[in-house]
Structure formats: C-alpha cells, structure tokens
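# Descriptive analysis of the structure
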Amino acid sequence: MLDLFLNAIAAGILLGGFYAAMTVGLTISFGQLDIVNIAHPAFIVLGSFCTFVLHEHAGLDPLLAGVLLAPAFFCIGIGVYSVYYGSFERRGDESLRGLAFFFGIMFILEVLLIMTFGVDYRLVETSYIGESIKIGVIGLPFRMLVPFLAALAMAGGIYLYLSKTFTGRAILAVAQDRLALQLMGADPVRTKQIAFGIGLGTAAVAGSLLIMLGPVEPSVGRLYIGRIFAIVVLGGMGSIGGTIVAAIILGVVESMVATFYGPSWSPAVAFGFLLMTLAIRPSGLFGR
Amino acid sequence: MRIGWFYPIALLLVLGGAFATKHVDSNFVFYAGYVVLQFIVLATAWNILGGFTGYVNFGTAAFFAVGAYTTIALNKALGLPLLAIMPIAGIIAGLIGLAAGYFTLRLKGVFFSIATLALAVVLETAVANWGYVGGASGSYVIPPAEVPFFDNYIEGLFSLMLLLAVVAVGIARYIALSKIGRGFAAIRDDEVAAECMGVPTLRLKLIATTLSGALMGIAGAPYPFYVTYVEPTSAFSLTYAVNSIAMPLIGGTTTWFGPVIGAVLLGSLQQWATVTISSELNLLIVGVTLVAFVVLAPQGLVGLARKLFGRGGRTP
C-alpha cells in the first residue's frame with residue numbers, strides 16, 4: 001500500500017513536470033500577453049506528429065526532433081500573432097472574434113492532421129523509452145523521466161531568458177505597461193511577436209515529449225485544454241515558477257486518483273481542478 | 001416595437017413545412033432539411049449568449065449531447081415519448097448552463113469559454129463511463145413505427161425541428177428587440193459601464209447562459225430518433241461547437257437574423273458537400289470559412305451588406 005502510494009506520488013511529480021512543459025508556452029501567451037491561445041494544445045499535437053514524421057523517416061531522436069522543430073514553430077507563432085494583432089488586438093476585438101479565431105485554428109489543425117494521418121494512434125520507439133530506473137521501491141520509467149527533465153530544462157531556460165535578457169524583460173514588461181515599454185525603447189508589437197513565437201516554440205518541444213510519453217492521435221489535444229489553462233491560472237497567470245508548482249500539484253492529484261479510483265476519471269479531475277481554481281482562488285496560488 | 005410581420009410569416013413557414021411533408025416524396029429533403037434546421041436552432045441559441053452578450057460558449061456539443069442523452073436515458077427508463085422528454089432535456093441543459101455561468105461568469109469572460117470547452121470533455125468522459133446509456137460503444141434507439149399526422153417519423157421530426165427553429169428565432173428576436181436585449185448589448189459593449197449604470201449584469205448573463213443552454217439541449221433531444229444510433233464521439237463532436245460559432249459569425253452576431261443566414265448558407269453548403277465531397281474536407285471548409293470571416297469580415301454578411309448599402313454600417 002505504501003509502495004503504491006509512493007509510486008503514485010513519484011509518477012505524479014514526473015507527470016506534473018510534463019504538464020509544465022505543455023503549459024509554459026501558454027503561461028507566456030495567456031498569462032503574460034493576455035492572448036487566449038486555445039489552439040496551444042493543437043499545436044502541441046502538431047509538434048507530436050512532426051516529431052513522428054522526423055523520427056520515422058529521418059531516424060531522429062524524438063527530443064532532438066522537438067528541439068529542431070522549435071524554430072519553425074517560433075516562426076509560425078510570429079505569423080499567427082501578426083494576424084491576431086492586425087485583425088483583433090488593434091481593433092480591440094479580442095474577446096469574441098479573437099477566441100473564435102484560435103478556435104478555428106485549433107479545428108483546422110485537427111482536421112488537417114486527421115486528413116493526413118487518419119484517426120489512428122501514432123507512437124515513437126527509441127532504445128531508452130522502455131527502460132526505467134529503480135530507487136528503493138519507487139520505479140521511474142524513462143518515458144516519464146526524460147520529459148520531466150526536459151521540461152525542467154526548458155522552463156529553467158525560459159526563466160533565465162525572461163529575467164536576464166533585454167527582450168525577456170521587455171516581454172515581462174509589455175503586459176504591465178505598454179507605454180512605459182515604448183519609452184524604454186522597445187517595440188511592444190515586436191516584443192509580443194517574439195513572446196508568442198517562444199510560446200509556440202515550446203509547443204514543438206512539448207509535442208515531442210507528448211509522443212514520447214504515449215501514443216498520440218489528432219484530437220488528443222482537447223483533453224489537455226482544461227488542464228493547462230487550470231495550471232496557468234493556479235500558477236498565478238504568468239509566473240514560470242508558479243506554473244511548475246501548479247503543474248506538479250495537478251500531476252500528483254491526477255496520479256493519485258488514477259491509482260486509487262481508475263484512470264478513466266482523470267479528465268474529470270482536471271475539470272474539477274479548473275472549476276475549483278476559478279471558484280476559490282482565481283488569482284492563483286501566488287496571486288498578485 | 002414592430003411585431004406585425006414576424007409572427008404571420010413564422011406561422012406560414014411552419015404550415016408550409018407541414019404541407020411540404022404531404023407533397024414532397026423525397027425523404028432526403030427532410031433528412032437534409034432537419035440538419036439545417038437543427039443548426040438554425042444551435043446557431044441562434046449560441047448567439048443569444050455569444051452574439052448578444054459577447055461571451056463565447058465552446059461547449060455547444062456538451063449541451064446538445066446532454067439533450068440527446070436525456071432522451072436515451074428517459075426513453076429507456078420510462079419509455080417517455082419525445083415530446084415529453086424535450087422540456088426535461090431543456091431544463092437539464094439549462095441548469096448546466098446556469099451552473100457553468102454561475103461558477104465562471106463573475107471572472108473574466110475567457111474563463112467561461114475555457115470552462116465550457118473543458119465541460120464538453122468531462123461530460124463525454126462521464127457518458128462514456130456510464131453503461132446504462134451504452135457507454136463508449138453507444139446505444140440504439142428505436143423510432144416509433146407510427147407518428148400521428150405524418151406519413152413517417154422523419155417527416156414528423158422535420159416538422160418538429162422546423163417548429164423549434166421558428167420558436168428559437170422568435171425568442172432571439174424578442175430578446176433583441178426588448179429591454180433584456182439592450183441590457184445584453186450593454187454588457188457586450190462595456191460591461192463595467194453597464195454595471196455602473198445599474199444594469200444587473202450577472203443576472204442578465206445567467207439568463208443568457210441558461211436560455212442558450214436550454215435551447216441547445218432541446219435541439220439535441222430529437223437527435224437519437226434522427227440517427228437511431230448514438231455514441232459519445234458523434235454526440236459530443238466538435239463540429240457542433242465549430243458550426244454554432246461559425247454560423248453566427250458568418251451571418252453577423254449582433255442581429256437575430258444573422259445566425260439564421262449563416263446557418264442556412266453554411267448548413268446547406270455542408271449538406272451538399274457531404275454528399276459530393278468527403279466529410280473531412282467539408283469540416284475543413286467550415287474551419288477555414290470561420291477563420292476567414294473573423295479576420296476579413298468581422299461584422300459578417302449582415303455587416304458587409306450594411307456597408308454596401310450604407311445603412312448605418314458600424315465603423316470599427
């Protein structure tokens with residue numbers, strides 16, 4: 001019983017790390033820039049399928065494929081934000097049409113993936129994915145440990161970028177005060193383009209982690225929308241550290257429910273988590 | 001308030017539809033017409049909340065499926081006829097809309113949208129785990145062999161949906177022209193200012209979510225009889241959400257007739273495309289049309305027409 005409990009916690013922490021990788025891009029775009037990119041999980045799934053293709057046809061390691069895809073996704077992000085800015089943000093029309101825009105993108109991505117790959121599950125296999133290490137009674141499978149470590153490295157990198165570089169600080173500033181940012185000599189639109197691009201870049205890496213963790217089919221992204229938005233909110237809307245803590249909390253809760261009540265209830269956990277976050281603590285754990 | 005011409009035309013439409021069932025032999029017309037009418041109800045219901053107050057509901061499929069599964073459960077448990085189930089389906093879906101609104105509408109509007117999106121996923125999980133209504137593998141519904149007044153049950157369903165569409169559009173029109181509608185528009189344009197002027201914003205928003213959810217649930221109730229076999233993936237299909245958003249945005253969200261125009265155009269196009277082209281491509285068309293319209297024609301066809309004919313076109 002204790003073994004089961006400890007293993008559930010360990011698996012939950014690893015799962016939470018992976019959730020952090022999925023969420024960190026949204027922490028930037030939704031938490032800091034106030035862009036409700038509900039297509040983020042769809043881009044993650046796109047990243048998974050691109051990883052699948054690169055792995056299958058070019059023999060690339062999935063994680064390496066994800067890192068190589070990130071710049072391409074960065075460019076897509078700049079393009080998407082430019083359209084979003086020109087069509088909605090500049091007109092002050094984000095709420096209704098901006099949401100519909102991202103919903104449309106999400107739907108188009110899903111349909112395109114179904115048209116290209118069908119509705120079958122795809123997976124990648126590498127030498128290390130099946131392995132696991134044992135610490136005492138706790139087993140840590142590599143297919144969860146690698147995404148966990150990659151997620152922490154990515155979140156750490158983004159944290160350093162945001163706090164140490166000029167552009168990074170400009171990103172943190174743009175959400176708070178556009179005008180002051182302009183006076184400091186940074187272009188707010190350009191800054192937001194870069195920030196949104198980084199957000200989508202993380203989706204490519206998260207996609208490679210997603211397909212490493214388990215098989216992926218085109219509409220799987222929907223299962224994660226409630227989860228990752230709940231994490232952003234609980235993490236305090238825009239804090240990278242808060243995102244990691246919130247993601248690990250959700251991961252542990254979900255893993256406990258899956259172990260003791262059955263895995264088919266985990267989407268319900270995420271939704272309950274989201275509702276409770278919104279109802280009880282909408283300002284997040286470390287609310288400003 | 002002008003009410004003169006609407007109700008006679010509405011009555012004529014319903015009578016005309018019922019008349020058509022006696023004189024048109026091709027059942028395809030009624031099968032296809034049912035879907036278009038169903039989308040008129042869904043698009044109108046979505047627009048009561050989304051277009052009038054500006055709060056985006058991504059969970060049309062959830063409310064629709066609640067209606068459909070109410071029918072399956074009550075038909076199986078008590079053997080109730082469809083006409084008795086429809087009001088119950090409306091009440092259940094309305095209460096879900098009220099709860100979703102109550103939990104999230106006091107916060108920023110996007111949280112309501114995200115919650116509705118997550119709601120669809122959770123309800124689908126719950127239904128897939130609920131063995132009584134067929135679980136993930138779905139269940140069959142046997143339509144009644146005889147329907148009073150009509151030759152077969154599809155003509156009856158068609159007439160029922162026609163009546164429902166007319167009622168839904170009538171409700172939307174009534175709201176748009178009434179004091180409630182002005183309250184909704186005030187919320188859409190500037191919620192803080194509306195609150196300051198004494199508009200009871202939370203109450204109005206809850207009225208909108210409840211009414212909108214209830215209409216979607218009622219629209220879903222006849223669905224099991226229409227398809228005769230229901231499983232969670234098709235009942236919770238994202239196509240309901242995307243269509244019910246795309247149709248009002250294509251037609252024009254600020255009027256009661258915009259969603260009708262969008263639903264008739266996009267609904268008929270899809271009925272035609274499903275027959276002639278593949279169904280995936282047909283979904284792609286809907287998605288691309290939605291994105292193209294929100295980017296290029298933000299006021300929809302109604303806005304374009306107003307711009308062309310210069311009748312009080314809104315300047316962005």
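Quick caveat: nothing in here was measured; it's all calculated off a predicted structure.

### What to know about the pattern of salt bridges
Residue and element names in this part refer to chain A.
- Tallied over the full model, the rule gives 5 salt bridges over all chains.
- Two residues, Lys192 and Glu89, come together in a salt bridge whose shortest N-O distance is 3.3 Å. On the criterion of sequence distance, the pair formed by Lys192 in helix H8 (residues 188–213) and Glu89 in helix H3 (residues 62–89) is long-range, its members being 103 residues apart.
- A relative accessible area of 8% means that Lys192 is categorised as buried.
- With its nearest N and O atoms 2.7 Å apart, the salt bridge here joins Arg222 to Glu110. Of the two residues, Arg222 is situated in helix H9 (residues 222–234) and Glu110 in helix H4 (residues 94–117); the sequence distance between them amounts to 112 residues.

### Examining the packing of helix H6 (residues 153–177) of chain B against helix H7 (residues 179–189) of chain B
All names here are of chain B.
- In contact at an axis separation of 4 Å, H6 and H7 are set at 75° when each is read in the N-to-C sense. Considered as vectors, H6 and H7 are oriented roughly perpendicular to each other. Residues Ile175, Ala176 and Leu177 of H6 pack against Lys179, Ile180, Gly181, Arg182 and Phe184 of H7.

### Topic: the pairing of strand S2 (residues 138–141) of chain A
Residue and element names in this part refer to chain A.
- Here 4 bridges tie strand S1 (residues 132–135) to S2, and the two strands are oriented antiparallel to one another. Opposite Ile133, over in S2, you have Leu140 as the bridge partner.
- Counting the residues that bridge the hairpin from S1 to S2 gives 2 residues, and of these Gly136 lies at a positive phi of roughly 65°.

### Here we look at the environment of Arg203(B)
- Within the fold, Arg203(B) resides in helix H9 (residues 201–220).
- Linking Arg203(B) and Thr239(B), residues 36 residues apart in sequence, is a C-alpha distance of 30 Å.

Cut-offs used in this document
- Residues numbered from 1 in each chain as written.
- Chains lettered and ligands numbered in written order.
- Predicted model: local features only at pLDDT ≥ 70, side-chain atom pairs only at ≥ 80, totals over all residues.
- Heavy atoms only, no water.
- Salt bridge = Lys/Arg side-chain N within 4 Å of Asp/Glu carboxyl O.
- Helix = DSSP H or I, 4+ residues; strand = E, 2+ residues; numbered from the N terminus.
- Buried < 20%, exposed > 50% of the residue type's maximum accessible area, 1.4 Å probe, protein only.
- Axes fitted to C-alpha atoms, helices over the stretch in contact; angles between N-to-C directions.
- Parallel < 35°, antiparallel > 145°, perpendicular 65-115°, else oblique.
- Contact = heavy atoms within 4.5 Å.
- Pairing = 2+ DSSP bridges.

No statement about biological role is implied by the geometric values presented.
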